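Fold and contact review
One letter stands for each residue in the lines below.
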Amino acid sequence: MQLFLDTAKLEEIRPLCELGVISGVTTNPSLLAKAGRSLEEVVAEIAGLVEGPILGEVKAAAVDRTTMVEQGRAIAALHPRIAVKIPLTAQGLAATSRLSREGIAVANTLVFSPAQALLSVQAGAKYVAPFVGRLDDIGESGLELVRTIAEMFRIQKSPAKLLVASVRSPLHVVDCALAGADIATVPAGVLKQMVQHPLTDAGILRFQKDESAASGEK
Ligand code: E4P
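The sections below set out a description of the structure shown in this document. (Residues numbered from 1 in each chain as written. Predicted model: local features only at pLDDT ≥ 70, side-chain atom pairs only at ≥ 80, totals over all residues. Heavy atoms only, no water.)

Let's talk about the site of the ligand
- Taken together, the residues surrounding the ligand are Asp6, Thr26, Thr27, Asn28, Lys85, Phe131, Arg134, Ala165, Ser166 and Arg168.
- In the environment of the ligand, an oxygen atom lies 2.7 Å from a nitrogen or oxygen atom belonging to the side chain of Ser166.
- Within the side chain of Arg168, an N or O atom sits 3.1 Å from an oxygen atom of the ligand.
- Considered on its own, the ligand offers 340 Å² of accessible surface; in the complex 84% of this is hidden by protein.
- In terms of residue class, the shell around the ligand is built from two nonpolar, four polar and four charged. (Near = heavy atom within 4 Å. Polar contact = N/O pair within 3.5 Å; in protein donor to acceptor, adjacent residues only side chain to side chain. Areas by Shrake-Rupley, 256 points an atom, 1.4 Å probe, with all protein chains shown as cover. Nonpolar A, V, L, I, M, F, W, Y, C, P; charged D, E, K, R; others polar.)

This is the structure in structure tokens:
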């Protein structure tokens with residue numbers, strides 16, 4: 001399973017992409033607002049840091065297919081590695097099938113049911129993004145949704161990639177990998193948590209202590 005970074009902040013992307021474990025970046029209107037930047041402003045800089053796909057969403061105010069298609073074409077023209085994020089609504093599906101037929105990579109976002117995921121594939125989406133954390137937030141199982149979609153994609157030999165979004169913890173990431181997801185997009189904080197373990201830090205301290213004790217004995 002690949003890992004994408006779920007942020008529009010260059011100061012988060014820069015140090016973490018140096019780890020060599022990030023295969024792409026996802027943004028959304030909320031993340032861009034938090035970064036205080038527009039998609040147009042950040043795309044080239046992100047592309048200079050990360051080699052893989054960059055996912056940029058149509059404006060939240062774009063709710064009709066015509067506007068989504070227009071914005072999708074403009075977003076796709078920003079960079080050859082960009083994929084256009086479109087919410088999974090009826091209008092969004094119509095825009096997805098139009099843009100996909102034009103050869104533009106589309107990621108359907110805000111997916112909360114297996115039925116929506118099935119429609120997304122039929123519309124030609126390259127990425128299907130179920131939101132794990134937001135389902136957990138309302139007392140449903142985000143992981144169960146990922147398991148079901150992964151199984152459905154396996155049975156159907158779906159060409160779409162299952163991209164898990166709304167990831168809140170390292171456990172989410174591991175569980176989604178075990179469920180068969182293709183990609184998990186993770187916030188910077190979750191990626192940092194994945195790196196750390198107190199026993200790793202304690203182990204280094206003990207090695208340092210033993211090493212310096214041994215060199216003192218010589
Ligand atoms: C992907 O970019 C999604 O929009 C994002 O993962 C949503 O995460 P959230 O539910 O924590 O806002």
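There's plenty left to go through after this.
Comments concerning the sheet that holds strand β2 (residues 24-26)
- One closed barrel holds the eight strands; their spatial order is β1-β2-β3-β4-β5-β6-β7-β8, and the pairing between them is parallel. Each neighbouring strand pair of the sheet contributes to a mean axis angle of 30 degrees, computed without reference to strand direction.
- Inspection of the sheet shows strand β1 (residues 2-6) paired to β2 by three bridges, in the parallel sense. Within the sheet, the bridge partner assigned to Phe4 lies in β2 and is Gly24.
- Against the sheet, helix α10 (residues 188-195) touches β1 and β8 (183-186), its axis set at about 135 degrees to β1. (Pairing = 2+ DSSP bridges. Helix = DSSP H or I, 4+ residues; strand = E, 2+ residues; numbered from the N terminus. Axes fitted to C-alpha atoms, helices over the stretch in contact; angles between N-to-C directions. Contact = heavy atoms within 4.5 Å.)

Quick look at a nonpolar patch on the surface
- Taken together, the side chains of Leu19, Val21 and Val195 define a hydrophobic patch exposed on the protein surface, amounting to about 250 Å² of accessible area.
- Here Leu19 is to be found in the loop between α1 (10-17) and β2. (Patch = residues over 30% accessible without salt bridge, like charges linked within 9 Å, V, L, I, M, F, W, Y side chains within 5 Å. Salt bridge = Lys/Arg side-chain N within 4 Å of Asp/Glu carboxyl O.)

What to know about the packing of helix α8 (residues 142-156) against helix α9 (residues 170-179)
- Where α8 meets α9, the axes come as close as 9 Å, and the angle between the chain directions of the two elements is 25 degrees. By the criterion of interaxial angle, the relationship of α8 to α9 is roughly parallel. Relative to α9, the crossing made by α8 is right-handed. Across from Leu143, Val146, Arg147 and Ala150 in α8, the residues of α9 making contact are Asp175, Cys176 and Ala179.
- When the residues that make up the contact of α8 with α9 are grouped by side-chain class, the tally is five nonpolar, no polar and two charged. (Parallel < 35°, antiparallel > 145°, perpendicular 65-115°, else oblique. Left-handed = near helix turned anticlockwise from the far one by under 90°.)

A few points about the nonpolar core
- Ranked by internal contacts, the top residues of the largest apolar core, which has 59 residues, are Leu5, Ile86, Val146, Phe153, Val164 and Val186.
- The element that contributes the greatest number of residues to this core is α8, accounting for seven residues. (Core = buried A, V, L, I, M, F, W, Y, C linked by side-chain atoms within 4.5 Å. Buried < 20%, exposed > 50% of the residue type's maximum accessible area, 1.4 Å probe, protein only.)

Quick word on helix α4 (residues 65-76)
- Between its first and last C-alpha atoms α4 spans 16 Å; for 12 residues at 1.5 Å apiece the expected length is 16 Å, and the two agree.
- Taken together, the buried positions of α4 are occupied by Met68, Val69, Gly72 and Ile75. Seen from one end, α4 has its buried residues packed into an arc of 130 degrees, which puts them on one side.
- Buried residues belonging to α4 abut α3 (39-49), β3 (54-57), β4 (82-87) and α5 (90-101). (Expected span 1.5 Å × (residues − 1). Arc of directions from axis to C-beta.)

Observations concerning the environment of Ala117
- Positionally, Ala117 belongs in helix α6 (residues 114-122).
- Under the relative-accessibility criterion, Ala117 is labelled buried at 0%.
- With sequence-adjacent residues up to four places away left out, Ala117 is seen in contact with Val111, Val128, Ile149, Met152 and Phe153.

Describing the side chain of Ser166
- For Ser166, the position within the fold is in the loop between β7 (161-164) and α9.
- For Ser166, a relative accessible area of 9% translates into the label buried.
- Within the structure, Ser166 has its side chain in polar contact with the side chain of Arg168 (distance 3.2 Å).
- Residues contacting Ser166, with those up to four places away along its chain left out, are Phe131, Val132, Gly133, Arg134 and His172.

Side note on the pairing of strand β6 (residues 127-130)
- Side chains Tyr127 and Ala129 project from β6 onto one buried face, and the interleaved Val128 and Pro130 project onto a second face that is buried too.
- Across three bridges, the pairing between strand β5 (residues 106-111) and β6 is parallel. Of the residues in β6, the one forming a bridge with Ala107 is Tyr127.
- Of the crossover connections in this fold, the one passing from β5 over α6 to the parallel β6 is right-handed.
- As defined by bridge partners, β6 adjoins β7 across two bridges and the pair is classed as parallel. Looking across to β7, one finds that Val128 is bridged to Leu162. (Right-handed = clockwise from strand over helix to strand, strands pointing away.)

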